[in-house]
Amino acid sequence: MQSRRRFLKSGGVLVGATAYGLSGGALNAHVAANQRRFADIPLQHADSHQDAALTRIAFGSCLHQDKEQRIWDAVLAAQPDLFLFLGDSIYGDTRDITFLREQYAKLARNPRFHKLRESVPTMAMWDDHDFGENDAGIAYPIKERSRQAFLEFWQEPRSSVRWSRRGVYTSRTFGPPHRRVQIIMPDLRFNRTPLTVQDLGTVRYEEWCDAKRLAGAVIPGPYARCTDRVASMLGEEQWRWFEQQLAVPARVRIVASSLQVLADFPGWEAWINYARDHQRLIDAVRRTNASGVVFFSGDTHYAELSSLDVNVPYPLWDLTCSGLTEVWDTDVPNANRAGEMLREENFGLVEIDWHSEDPEIRLQAQDRFGATKIARTLTLSQLGATPEAQILSGR
Ligand SMILES: [Fe+2]
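A quick note: this is a predicted structure, and the numbers were derived from the prediction, not measured. (Residues numbered from 1 in each chain as written. Predicted model: local features only at pLDDT ≥ 70, side-chain atom pairs only at ≥ 80, totals over all residues.)

Peer 1: Got a minute to help me understand the sheet that holds strand β5 (residues 170-174) in this structure?
Peer 2: Sheet strands line up and pair through hydrogen bonds in the backbone, either parallel or antiparallel. Read from one edge of the open sheet, seven strands run β1-β5-β6-β9-β10-β12-β11, paired in mixed fashion. With one partner strand each, in any of the chains shown, β1 (48-50) and β11 (304-308) form the two edges of the open sheet. For this sheet, the mean inter-axis angle between neighbouring strands, taken without regard to orientation, is 20 degrees. (Pairing = 2+ DSSP bridges. Helix = DSSP H or I, 4+ residues; strand = E, 2+ residues; numbered from the N terminus. Axes fitted to C-alpha atoms, helices over the stretch in contact; angles between N-to-C directions.)

Peer 1: Just checking my understanding: could you explain the packing of helix α3 (residues 97-109) against helix α6 (residues 143-153) for this structure?
Peer 2: Two quantities define a packed helix pair, namely the angle between the axes and the distance from one axis to the other. Contact pair α3 / α6: the axes reach a minimum separation of 10 Å and the direction vectors enclose 20 degrees. Compared by their axis directions, α3 and α6 come out roughly parallel. α3 and α6 meet at a crossing whose hand is right-handed. Contacts between α3 and α6 pair Ile97, Leu100, Arg101 and Tyr104 from the former with Arg145, Ser146, Ala149 and Phe153 from the latter. Here the residues of the contact of α3 with α6 sort into five nonpolar, one polar and two charged. (Parallel < 35°, antiparallel > 145°, perpendicular 65-115°, else oblique. Left-handed = near helix turned anticlockwise from the far one by under 90°. Contact = placed C-beta atoms within 7 Å. Nonpolar A, V, L, I, M, F, W, Y, C, P; charged D, E, K, R; others polar.)

Peer 1: What exactly am I supposed to notice about the pairing of β5 here?
Peer 2: In terms of residue burial, β5 counts as a mostly covered element, since five of its five residues are buried. Burial of the side chains of β5 extends over both faces: Thr170, Arg172 and Phe174 are buried on one face and Ser171 and Thr173 on the other. Alignment of β1 against β5, held across three bridges, turns out to be parallel. Bridging across to β5, Gln50 finds its partner in Phe174. (Buried ≥ 20, exposed ≤ 12 C-beta atoms within 10 Å, placed from the backbone.)

Peer 1: I tried to follow the environment of Phe150 on my own but got confused; where do I start?
Peer 2: In this structure, Phe150 sits in helix α6. On the neighbour-count criterion, Phe150 (23 C-beta atoms within 10 Å) is buried. Measuring from C-alpha to C-alpha, the distance between Phe150 and Phe131 comes to 8.1 Å, with 19 residues separating the pair along the chain. Ignoring any residue separated from it by four or fewer positions in sequence, one finds Phe150 in contact with Trp126, Asp130 and Val168.

Peer 1: Mind showing me how you'd approach the nonpolar core here?
Peer 2: A general trend in soluble globular proteins is that nonpolar side chains are found buried together. Among the nonpolar cores identified, the biggest contains 84 residues, and Phe59, Val75, Phe83, Leu84 and Ala256 are the most heavily contacted of them. Those residues in contact with Phe83 that lie beyond four places of it in its chain are Ala58, Phe59, Val75, Leu116, Val120 and Thr122. (Core = buried A, V, L, I, M, F, W, Y, C linked by C-beta atoms within 7 Å.)

Peer 1: Mind showing me how you'd approach the confidence of the model for the protein chain here?
Peer 2: Low pLDDT marks stretches whose predicted atomic positions should not be read closely. Taken as a whole, the protein chain shows an average pLDDT of 89; of its residues, 87% reach a score of 70 or greater. The model gives residues 5-24 a pLDDT under 50, and that stretch makes 28 contacts with residues more than four places away or in other chains. Confidence drops under a pLDDT of 50 for residues 38-42, and excluding neighbours within four residues, the segment shows eight contacts in the predicted structure. (pLDDT = per-residue confidence, 0-100.)

Peer 1: It is not clear to me how the sheet that holds strand β3 (residues 82-85) should be interpreted in this structure. Could you clarify?
Peer 2: Read across the sheet, six strands follow the order β4-β3-β2-β13-β14-β15 without closing on themselves; strand pairing throughout is mixed. Edge positions in the sheet fall to β4 (122-124) and β15 (372-379), since each of these pairs with one other strand and no more. When the angles between neighbouring strand axes are averaged without regard to direction, this sheet yields 20 degrees. As judged from the eight bridges shared by strand β13 (residues 346-353) and strand β14 (residues 360-367), these two strands associate in the antiparallel manner. Each bridged residue has a counterpart across the sheet, and for Ile352 the counterpart in β14 is Ile361.

Peer 1: Explain the packing of helix α8 (residues 236-246) against helix α9 (residues 275-288) to me, please; I cannot follow it from the model alone.
Peer 2: The contact between α8 and α9 brings their axes to 9 Å, and the two run at 35 degrees. Judged by the twist between their axes, the crossing of α8 over α9 is right-handed. Of the residues in α9, those touching α8 at Trp239, Glu243 and Leu246 are Arg280, Ala284, Val285 and Thr288.

Following this line, the structure appears as structure tokens:
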């Protein structure tokens, strides 16, 4: 399969600027506050609840273990309540479990990453490169041993149901009923049926790309929509779990997906390639009457905001933030893009203002200096929450 990584440029897109960090006192205070808030329940425990409300959630994806990872200074400075790893937290790209574990060990030794893990609660999902191999899915031969390595590295408690699942999908709720945030992290790798490649006739994909590049056109990836009736990223067992999650009471629901949910149509791996899953997701939101759904996604090595406002229960938004170290500068099509692509190291930061009558959710993509480069503020009523629902939920 064509690898997105083949087109990568190395890091260093922002040369000569000074990274900043928290002062020792501010960082220590933040660490102590988080330890108090999250001391009782390990955050990686699947499908469980934590009482502390969230107001600042950061997330990111595509983190290379061999790189400096200078973006963590800005993430720490943002003082998030929670950080979500959306996948490609290492680049394993191997069928050797010992090598894969060594890459996790290398990541653990990175002092900036270590500081982040010490001071901010985390939840993690994998994508292809930490699952183990570029664009891998159900047939990846060491997926079970990779699952064990993943859960060990992210310190999933031994009592967690996550150890016995086919996949590493997980969810949690945070906060009291009137400020409840739900995080749902589906696994798009362990059960994902094979990809479909675009039919380019006798033309090789590389030649097709070159022709588009010369014409100044955007360049889609090599994949097409899977029309096979059994094609799925989640698999039926995980689908049933996912649909149950949407019925769990919550005011804000963050579906943190390793792949883009609303982008149309990049030609790289994305929900839209599995058209039946894509439609089932929208139908599930409608059928469960799940308000407050916002999608986070990764994978792309650029940031962008996508929206979908046709044949959906309410306008849907997908904030893609990638990568924490990886940057890609090719123009990729996305008819649902709102605004511009951001081609720098970046992370997502979402702030929830619970104090207003109609709570606000501010979606942001930030660069490695903590500057906001993409922003959109939504209200809960714009995400399907009715005043009645707000009253019923305890406001
Ligand atoms: Fe990646």
